[in-house]
Structures are given as structure tokens and as C-alpha cells.
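Now for the letters of each chain:
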Amino acid sequence: MEVGMRRQLEERESKIMLPNQSADEVSHLAVDIGGSLIKVVYSSSNNNNEADDKGKKSSNDCVGIPNGSSDYPVLCGRLHFAKFETSKINDCLEFISSKQLHRCGGWHQEASPHDKNIIKATGGGAYKFADLFKEKLGVSLDKVDEMDCLVAGSNFLLKTVHPEAFTYIDGREEYVQIDHNDLYPYLLVNIGSGVSMIKVDGDGKFDRVSGTSVGGGTFWGLGKLLTKCKSFDELLELSHKGNNRVIDMLVGDIYGGGDYPKIGLSSTAIASSFGKAISENKELEDYGREDISRSLLRMISNNIGQISYLNALRFGLKRIFFGGFFIRGHAYTMDTISVAVHFWSKGEAKAMFLRHEGFLGALGAFTSYKSHGLDNITTH
Ligand SMILES: Nc1ncnc2c1ncn2[C@@H]1O[C@H](COP(=O)(O)OP(=O)(O)O)[C@@H](O)[C@H]1O
Ligand SMILES: CC(C)(COP(=O)(O)O)[C@@H](O)C(=O)NCCC(=O)O
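Computed from a prediction, not measured in an experiment: that's the story for all the values here. (Residues numbered from 1 in each chain as written. Chains lettered and ligands numbered in written order. Predicted model: local features only at pLDDT ≥ 70, side-chain atom pairs only at ≥ 80, totals over all residues. Heavy atoms only, no water.)

Re the domain arrangement of the chain
Definition in use: Domain delimitation in this document rests on an assignment produced automatically or drawn from a domain database. Only heavy atoms enter the contact rule, under which two residues are in contact if any of them lie within 4.5 Å. A simple way to read buried area is as the amount of 1.4 Å-probe accessible surface that goes missing from two parts once joined, with both sides added. Between Lys or Arg on one side and Asp or Glu on the other, a salt bridge is scored when a side-chain nitrogen of the former is within 4 Å of a carboxyl oxygen of the latter. Counted as a polar contact is a pair of N or O atoms within 3.5 Å, where, for protein atoms, one must be capable of donating a hydrogen and the other of accepting one, and residues adjacent in sequence contribute only when both atoms are in side chains.
Each assigned domain of the chain is listed here: domain 1 (3-147 + 360-376), domain 2 (164-243 + 289-355) and domain 3 (248-286). On the side of domain 2, 22 residues touch domain 1, which itself brings 12 residues to the contact. Of the roughly 1400 Å² buried at the junction of domain 1 and domain 2 (both faces included), carbon and sulfur atoms supply 61%. Inspection of the domain 1/domain 2 interface yields 0 salt bridges. The interface formed by domain 1 and domain 2 contains 1 residue pair in polar contact (both at pLDDT 80 or more).

This is the structure in C-alpha cells:
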């Protein structure tokens, strides 16, 4: 199975190991409620401080915060990730309730009852669904700004998790070694329902320099209408089998089969996405659903790649990291974005992808439990 598809079919819940992962007491929970998906990040930890077979307190190995304090057993455990469709928010609330994740303040003996009833939340849904969380789970959402969280999550991953960033070129993922002293500035492009482009200059130092409403929601929304797919994964799967040349008007279609070398366009370059449909006497039903899905995916990915590069150019940025659940580790999406960045930058800029692509915001909210030392965690 192709790497991209493998990741796409992963289980709904996945984990990052923190040092000494071993037990399962839930300690912190953060949510990112976006236009399409709710992302949940929570940590579980060994909280019992029992001696291991060498007679050493297991919490002494918890080296996640710089001063080595063992007051924060959350550092000895796992980060768990889960996601739900925002339209099915009740599934998410049931998940949280069934695992008692909302009782997350409990690990800290000194946590006040007040703290125990508050969870960090980001994304527009932190505003939209605050009352629902209160009503169904009895918790208040402590709202953290979405852009702050995206940047914090991205910086956390790039600095802490290895391997996290990779390039996707000619069908191959290649992991990128991140030099902590040479990370900034970079452009973060988060492709969620819509797209935000953020110039990141350091921890908490950033500027949202651009955005576009043509993003993941556009692909899923238009794709659903055009193909009658029932799920995002089905639409993505279809795109694998399709051929965009059936619908896209290529340079060669306009130039009698030839290239247009003077402006650097080969005959196979797309001159006009969906352009063939104007001249053919065909209805929507006459086109293959696979081909429609492929053209749509290509159109949107290409466009985002191009706008990203133009913004990188505006600020002289060479590195562009792409996140957001639109990507889904999908080979064709990453390939199209990479090719677009490479083409427009004439090889000067590089598109890089993040393994925890869709969880930047949720991770940023998670690390914002600052008073609990979580802004400094490290991982294995
Ligand atoms: N299972 C899924 N259901 C719906 N959309 C999905 C799914 N998986 C990936 N996506 C894509 O991811 C986009 C949402 O990405 P995300 O980063 O979660 O943004 P948001 O915060 O706006 O929800 C969707 O618009 C869609 O393109
Ligand atoms: C409004 C948003 C920040 C919300 O984030 P999302 O739920 O899409 O992840 C995002 O959809 C966006 O940046 N849209 C593009 C708006 C624009 O710049 O035109």
C-alpha cells in the first residue's frame, strides 16, 4: 500500500510516547474544534510513583521539564490523539465522557475543584459549543487563540518530536533534520476547512500574513456535491484511481499537442482546471467520479501550493511547513503541493509536511497548560 494511503487509513486514535510511557491515568485534555473536525489530545501517565524493579521511583525518570521536577507525572506517559467530525460533536462528547477525560485536573493533587472543571479549547467551536460542553460534561472551555495554538503546536512538534517533518518528492517521504538554531523564520500553512498562512519568527512570534477560503472544506464540500461521496475518505480514495486529464484542459489541448516553452509550460501542464468540460457535450454524469475527484484535489492543492509560495516569496522564506487535516498524508495531495512549490520557486523553496498535520492547534492548546509545566515537555 502506498505510504500516503497507509497513513490515511490509520486508526482514529494514535499516540506520541512521552518518557517512561507506562500507565494510563488521564491527566490533561485539550480540544480544537474546527469547521470540519474536532481534534482531541490528551495525556495519560503513570501517576502511582511505585518503585520499579531496581527500587527506583518511576517518576524520577520523568525528565520532561528542565528542572527535572517530578511534580508533573504527566511527563511520564503518552499523548493520545483522536478526531471526530464537528457535525457529530455528540460522538466526541460521549468519547470524552466514556473515558472520563474531562476529569483531567485530577492528577494534580493541589488542583482546585475549579481547575478540574476547565479544559483548554481552541478553534471556532470553542466559542460555538462552549454551552454544550457545559451542559453535557459540566466543564468550561478555557479558550485559547487558534493562531497562537497553531504556531505553538507547530513549534512544539518541530522542536520536540523526531522525526516530524518530511518532504515528499517523486513518491518518497524523506525526513528532515530540524536544526533548532535555524528553524525560524518559516511559513506555516494550515489547510483546514479554510487556509491560514502564518509567518513564524519564534515562540509566540508570528504574523498571519495570508489565507484563502479555497481549502479542505472546499474539496470536501464541492467533491461531495459533484461525486455524491458519503465520506471524505471515499472521496480521497476515488482520487487515487482518477485521471484529471479527462476534465482538465491541458496546455497541449490548447496548443495542438505541443508545449509552450517560451513561458515554461509543458504540454501536460494544466492550463485550466475543469476546462475541458466547457467544450464537451457532456453532463456531470458522463464524467467518472474518480476523475472529478482527482481534478478537484489537484486544483485545490495546486492553488494552495502556489499561494503559499507567493507568500514565502513576499517575506523571503525558504521553508514552508504544511499542516491541517486536508493533507491526510495523502500521496497525491503532497505530491501536487510539492510540485507547485518547486515549480513556482524554481527549486528555491521547499514544501515540508508534518506527521501530526491536523493536530497542531490541539497540541498548541495542550501545551498552553503553562502553569502545569506542559509548555516545556519533551518526548521520546
Ligand atoms: N474524516 C474527515 N471528515 C471530514 N473532513 C476531513 C476528514 N479527514 C480529513 N478531512 C479534511 O480535513 C479538513 C479539515 O481539516 P482540519 O485541519 O481539521 O480543519 P478544521 O479545524 O477547519 O476542522 C476537511 O475540510 C477535509 O478537507
Ligand atoms: C477562519 C479560519 C481561521 C478557521 O480555521 P479552520 O476551522 O478552517 O481551521 C480559516 O478557515 C481561514 O483562515 N480561512 C480563510 C479565510 C481567509 O483568509 O480568506
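Some words on the packing of aromatic side chains
Which entries qualify depends on this criterion: Aromatic rings from Phe, Tyr and Trp, with only the six-membered ring used for Trp, were paired whenever their centres fell within 6.5 Å, and each pair was classed as stacked if the ring planes differed by under 30 degrees, edge-to-face if by over 60, and tilted otherwise. Numbering of helices and strands starts at the N terminus; helices are DSSP runs of H or I of at least 4 residues and strands are runs of E of at least 2. The cut-offs for exposure are 20% and 50% of the maximum accessible area for each residue type, with area from a 1.4 Å probe on protein chains only; residues under the lower value are buried, those over the upper are exposed, and the others partly exposed.
For the structure on display, the rule yields 15 aromatic pairs. On the basis of an interplanar angle of 55° and a centroid distance of 5.1 Å, the ring pair of Phe84 and Phe95 is categorised as tilted. A residue pair is termed long-range when its members are at least 10 positions apart, and Phe84 in strand β4 (residues 77-85) and Phe95 in helix α2 (residues 89-98) qualify at 11 residues. For Phe84, a relative accessible area of 5% translates into the label buried.

Side note on the site of ligand 2
Spelled out, the test is: Any residue with a non-hydrogen atom lying within 4 Å of a molecule or strand is treated as near it.
Taken together, Gly34, Gly35, Glu146, Met147, Ser193, Gly194, Val195, Ser196, Arg208, Gly211, Thr212 and Ser213 are the residues near ligand 2. Separating an oxygen atom of ligand 2 from a side-chain N or O atom of Glu146 is a distance of 2.7 Å. Note that an oxygen atom of ligand 2 is positioned 3.3 Å from one of the backbone N or O atoms of Ser193. Contributing elements (two or more residues each) for the shell around ligand 2: α6 (146-160), β10 (195-202) and β11 (205-212).

Things to note about the site of ligand 1
We count it as follows: Throughout, the Shrake-Rupley method with a 1.4 Å probe supplies accessible areas, and for residues the shown protein chains are the sole cover considered.
Neighbouring ligand 1 are 17 residues, the closest being Leu37, Lys39, Ser193, Gly216 and Arg328. In this structure, an oxygen atom belonging to ligand 1 sits 3.3 Å away from a main-chain N or O atom of Phe326. Burial of ligand 1 by the protein amounts to 92% of the accessible area it has alone, namely 560 Å². Those elements giving two or more residues to the shell around ligand 1 turn out to be β3 (37-45) and α7 (216-227). Top contributing element to the shell around ligand 1 by residue count: α7, with 3 residues.

Some remarks on the layout of surface pockets
Unoccupied space between atoms shows up once a probe the size of one water molecule is rolled over them. Inclusion rule: Cavities and pockets were defined on a 1 Å grid built from protein atoms only: a cavity is a group of points that admits a 1.4 Å probe but offers it no way out, a pocket is an open group of points flanked by protein on both sides within 12 Å along at least five of seven lines, and a lining residue is one with an atom within 4 Å of any such point. Grid points are joined across faces, edges and corners, and a volume is the space filled by probe spheres set on the points. Polar here means any residue other than Ala, Val, Leu, Ile, Met, Phe, Trp, Tyr, Cys and Pro, which are nonpolar, and Asp, Glu, Lys and Arg, which are charged; Gly is therefore polar.
The volume enclosed by the second largest pocket comes to roughly 520 Å³. Along the walls of the second largest pocket sit 22 residues, with Ala269, Ile270, Arg298, Asn302 and Phe343 positioned nearest its centre. Put simply, the parts of the chain that give the lining of the second largest pocket at least two residues each are β13 (270-272), α10 (289-315) and α11 (331-345). When its residues are assigned to classes, the lining of the second largest pocket shows 10 nonpolar, 10 polar and 2 charged. Of the domains in this structure, domain 2 (164-243 + 289-355) and domain 3 (248-286) are the two that each give at least three residues to the lining of the second largest pocket.

A look at a nonpolar patch on the surface
What counts here: Any residue with relative accessible area above 30% and no salt bridge may belong to a patch, with like charges joined within 9 Å and the nonpolar Val, Leu, Ile, Met, Phe, Trp and Tyr side chains within 5 Å.
On the surface, a cluster of nonpolar side chains totalling about 280 Å² of accessible area is made up of Val339, Phe343 and Trp344. Looking at the element boundaries, Phe343 is found in helix α11. When its relative accessible area of 42% is taken as the criterion, Phe343 is described as partly exposed.

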